[in-house]
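Here are the chains, one letter per residue:
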Amino acid sequence: MDEISVKTSFQTQFIDITSKVNEVLHKTGIMDGVCTVFTPHTTAGITINENADPDVPRDIIKETAKIVPLDAGYAHVEGNSAAHIKSSLFGCSETVIIMNGSLMLGTWQSVFFCEFDGPRNRKVWVKIIGG
Amino acid sequence: MDEISVKTSFQTQFIDITSKVNEVLHKTGIMDGVCTVFTPHTTAGITINENADPDVPRDIIKETAKIVPLDAGYAHVEGNSAAHIKSSLFGCSETVIIMNGSLMLGTWQSVFFCEFDGPRNRKVWVKIIGG
Amino acid sequence: MDEISVKTSFQTQFIDITSKVNEVLHKTGIMDGVCTVFTPHTTAGITINENADPDVPRDIIKETAKIVPLDAGYAHVEGNSAAHIKSSLFGCSETVIIMNGSLMLGTWQSVFFCEFDGPRNRKVWVKIIGG
């Protein structure tokens, strides 16, 4: 298992970690299998989406802030319940297939770390299983 | 890794691909392990839900169209931001356990390809890991 | 593959199953790999979030009941469409990395079974892949 460090600058922010996940993959030398990308935080997530147009992650962030409001009479005293809810809806991991030593992503797909309660220093764990 | 082709006919549509995933599994001859079903598109998804009553996928499609409106002042110029958002909320992959050469799904579970920006010709990738 | 039994007491309820998943892991003796936690129901889910403060799962349950209303003119005659929709949004599985014989969860992360249409007797399947 390898660890990637992510430093976020805003309360809500998507950071493209595809190249870092690829670095981990290439170090292992594994040619075929699956790659699990997992973040060990309860107010963050991992998602796969488009990064060619930065308006795509921006629209996702803006609209999900409407779906899960920052303030909605939550009970949790830390005041970050919206971030916990988004973490469960986006999920804290993604699994990507590996073929011929490459992450099999679509033309427009990037792997994003999703910060929902930043800015913070965060971690992402990557595990490659050959097969 | 194997590829499944999916042709969608509507803007939003769930297509049951369980039998196609099973075909891939049976070709490999793998008896125990896990199966990753992944779609390489950023305006589509993979989900597992009930297909016995077609009203279930219909209700999911109808209600999620209310949660993520088609038009909400999005910035992304292609006009399909709602599809990108749904892709991240449903997720672009599912993992299913394999036992005795079968996909371990519950009685009412089917694997669906979720079209959120059709109609289009789409791809789904299936990878089986034995273990 | 191992099966965990879960008995729920309410219509909507999150039950921490981390210790039960750990029991399955320790029985296998597998030291490194990934663990798939999968529920074979279409009105339930699996999520990873905080359990230190019980207000976190409570806020998630309460707010997602606003996002996906129990009654919204659904077509499905069983009357539990909201539960099916939540199942697809939360997802019916999670994958956790295993290192040195331990589930690699963050300090605040627990694995929850999510009941969306209880009370019922439910099942969770756990599969460990070494590698």
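Residues numbered from 1 in each chain as written. Chains lettered and ligands numbered in written order. Predicted model: local features only at pLDDT ≥ 70, side-chain atom pairs only at ≥ 80, totals over all residues. Heavy atoms only, no water.

1. Focus: the overall build of chain A
Point 1. Within chain A, the regular secondary structure consists of 3 helices and 8 strands.
Point 2. Traced from its N-terminal end to its C-terminal end, chain A shows the element sequence β-β-α-β-β-α-α-β-β-β-β.
Point 3. Relative to its length of 131 residues, chain A is compact, with a C-alpha radius of gyration of 15 Å against a globular reference of 14 Å.
Point 4. Considered along the principal axes of its C-alpha atoms, chain A spans approximately 50 × 30 × 25 Å. (Helix = DSSP H or I, 4+ residues; strand = E, 2+ residues; numbered from the N terminus. Rg over C-alpha atoms; globule rule 2.2 N^0.38 Å.)

2. Some thoughts on the interface of chain A and chain B
Point 1. With 32 residues of chain A in contact, the opposing surface of chain B contributes 30 residues.
Point 2. Together, Asp59, Glu63 and Ile97 of chain A form the three largest contributors to the area buried by chain A at its contact with chain B, with a combined 23%.
Point 3. Taken together, the connections running from chain A to chain B amount to 0 salt bridges.
Point 4. At the junction of chain A and chain B, the tally comes to 11 residue pairs in polar contact (both at pLDDT 80 or more).
Point 5. Of all the secondary structure elements, the ones that give two or more residues to the side of chain A that touches chain B are β3 (33-38), β4 (44-50), α2 (55-67), α3 (81-90), β5 (93-99) and β8 (121-130) of chain A.
Point 6. Considering every element that reaches the side of chain A that touches chain B, the biggest residue donor is α2 of chain A, with 9 residues.
Point 7. Along the lines of polarity and charge, the residues of the side of chain A that touches chain B split into 14 nonpolar, 9 polar and 9 charged. (Contact = heavy atoms within 4.5 Å. Buried area = accessible area lost by both parts, 1.4 Å probe. Salt bridge = Lys/Arg side-chain N within 4 Å of Asp/Glu carboxyl O. Polar contact = N/O pair within 3.5 Å; in protein donor to acceptor, adjacent residues only side chain to side chain. Nonpolar A, V, L, I, M, F, W, Y, C, P; charged D, E, K, R; others polar.)

3. Details of the side chain of serine 87 of chain A
Point 1. Of note, serine 87 of chain A is situated in helix α3.
Point 2. Residue class for serine 87 of chain A comes out buried when judged on its relative accessible area of 1%.
Point 3. A polar side-chain atom of serine 87 of chain A sits 2.7 Å from the main-chain carbonyl oxygen of alanine 44 of chain A.
Point 4. Not counting chain neighbours up to four residues away, the residues in contact with serine 87 of chain A comprise His41, Thr42, Thr43, Ala44, Cys92 and Phe116 of chain A together with Asn49 of chain C. (Buried < 20%, exposed > 50% of the residue type's maximum accessible area, 1.4 Å probe, protein only.)

4. Looking at the relation of the copies chain A and chain C
Point 1. You can overlay chain A on chain C at an RMSD of 0.0 Å; the transform is a turn of 120° with a shift of 0.0 Å along its axis. Interpreted geometrically, this transformation is the action of a three-fold axis. Closest approach to the rotation axis among the C-alpha atoms of chain A is made by leucine 89 of chain A, whose C-alpha sits 3.4 Å away.
Point 2. Comparing interface residues between copies, only 13% of those in chain A also lie at the interface in chain C; the contact surfaces differ. (Least-squares fit on C-alpha atoms with pLDDT ≥ 70 in both.)

5. Some details on the environment of serine 102 of chain B
Residues and elements named next belong to chain B.
Point 1. Within the secondary structure layout, serine 102 lies in strand β6 (residues 102-103).
Point 2. Judged by relative accessible area, which is 35%, serine 102 ranks as partly exposed.
Point 3. For the pair serine 102 and phenylalanine 10, spaced 92 residues apart in the sequence, the C-alpha separation amounts to 31 Å.
Point 4. With residues near it in sequence (within four places) discarded, serine 102 still touches Leu25 and Ile97.

6. Topic: the sheet that holds strand β6 (residues 102-103) of chain A
Remark on secondary structure: sheet strands pair via backbone hydrogen bonds, oriented parallel or antiparallel.
All names here are of chain A.
Point 1. Sheet architecture is open: 5 strands sit in the order β1-β8-β3-β5-β6, paired in antiparallel fashion. Of all strands in the sheet, those bounded by a partner on one side alone are β1 (2-7) and β6.
Point 2. Looking at chain direction, β3 and β5 are connected through 6 bridges and run antiparallel. Along β5, the bridge assignment pairs threonine 36 with threonine 95.
Point 3. Together, β1, β3, β5, β6 and β8 form the strand contacts of helix α1 (residues 18-28), whose direction differs from that of β1 by roughly 160°. (Pairing = 2+ DSSP bridges. Axes fitted to C-alpha atoms, helices over the stretch in contact; angles between N-to-C directions.)

7. Concerning the relation of the copies chain A and chain B
Point 1. Note on the copies: chain A fits chain B at an RMSD of 0.0 Å, the axial shift is 0.0 Å, and the rotation between them is 120°.
Point 2. Mapped onto chain B, only 12% of the interface residues of chain A again fall at the interface, so the copies present different surfaces.

8. Structural notes on the pairing of β3 of chain A
Residues and elements named next belong to chain A.
Point 1. Extensive coverage of β3 is indicated by the burial of 6 of its 6 residues.
Point 2. Where β3 lies against β8, 6 bridges are found, and the strand directions are antiparallel. Bridge assignment links glycine 33 to a residue of β8, and that residue is glycine 130.

9. A few points about the nonpolar core
Point 1. With 42 residues, the main nonpolar core has Val68 of chain A, Val68 of chain B together with Val68 of chain C as its most contacted residues.
Point 2. Excluding its chain neighbours within four sequence positions, the residues that come into contact with valine 68 of chain C are Ile67 of chain B together with Tyr74, Ala82, Ile85, Lys86 and Leu89 of chain C. (Core = buried A, V, L, I, M, F, W, Y, C linked by side-chain atoms within 4.5 Å.)

10. Points about the packing of α3 of chain A against helix α2 (residues 55-67) of chain C
Point 1. The interhelical angle for the contact between α3 of chain A and α2 of chain C, taken along N-to-C directions, is 75°, at an axis separation of 9 Å. On the basis of their axis angle, the class for α3 of chain A and α2 of chain C is roughly perpendicular. Only Val56, Asp59, Ile60, Glu63 and Thr64 of chain C of α2 of chain C make contact with α3 of chain A, whose side of the interface consists of Ser81, His84, Ile85 and Ser88 of chain A.
Point 2. Counted by class, the contact of α3 of chain A with α2 of chain C contains 3 nonpolar, 4 polar and 2 charged residues. (Parallel < 35°, antiparallel > 145°, perpendicular 65-115°, else oblique.)

11. Describing the side chain of serine 88 of chain B
Point 1. When you line up the elements, serine 88 of chain B lands in helix α3 (residues 81-90).
Point 2. Polar contacts involving the side chain of serine 88 of chain B include one to the side chain of threonine 47 of chain A, which spans 2.8 Å.
Point 3. If we skip the residues at most four places from it in the chain, serine 88 of chain B touches Thr47, Ile48, Asn49, Ile60, Leu89 and Phe90 of chain A.

So yeah, pure geometry; function would need other evidence.
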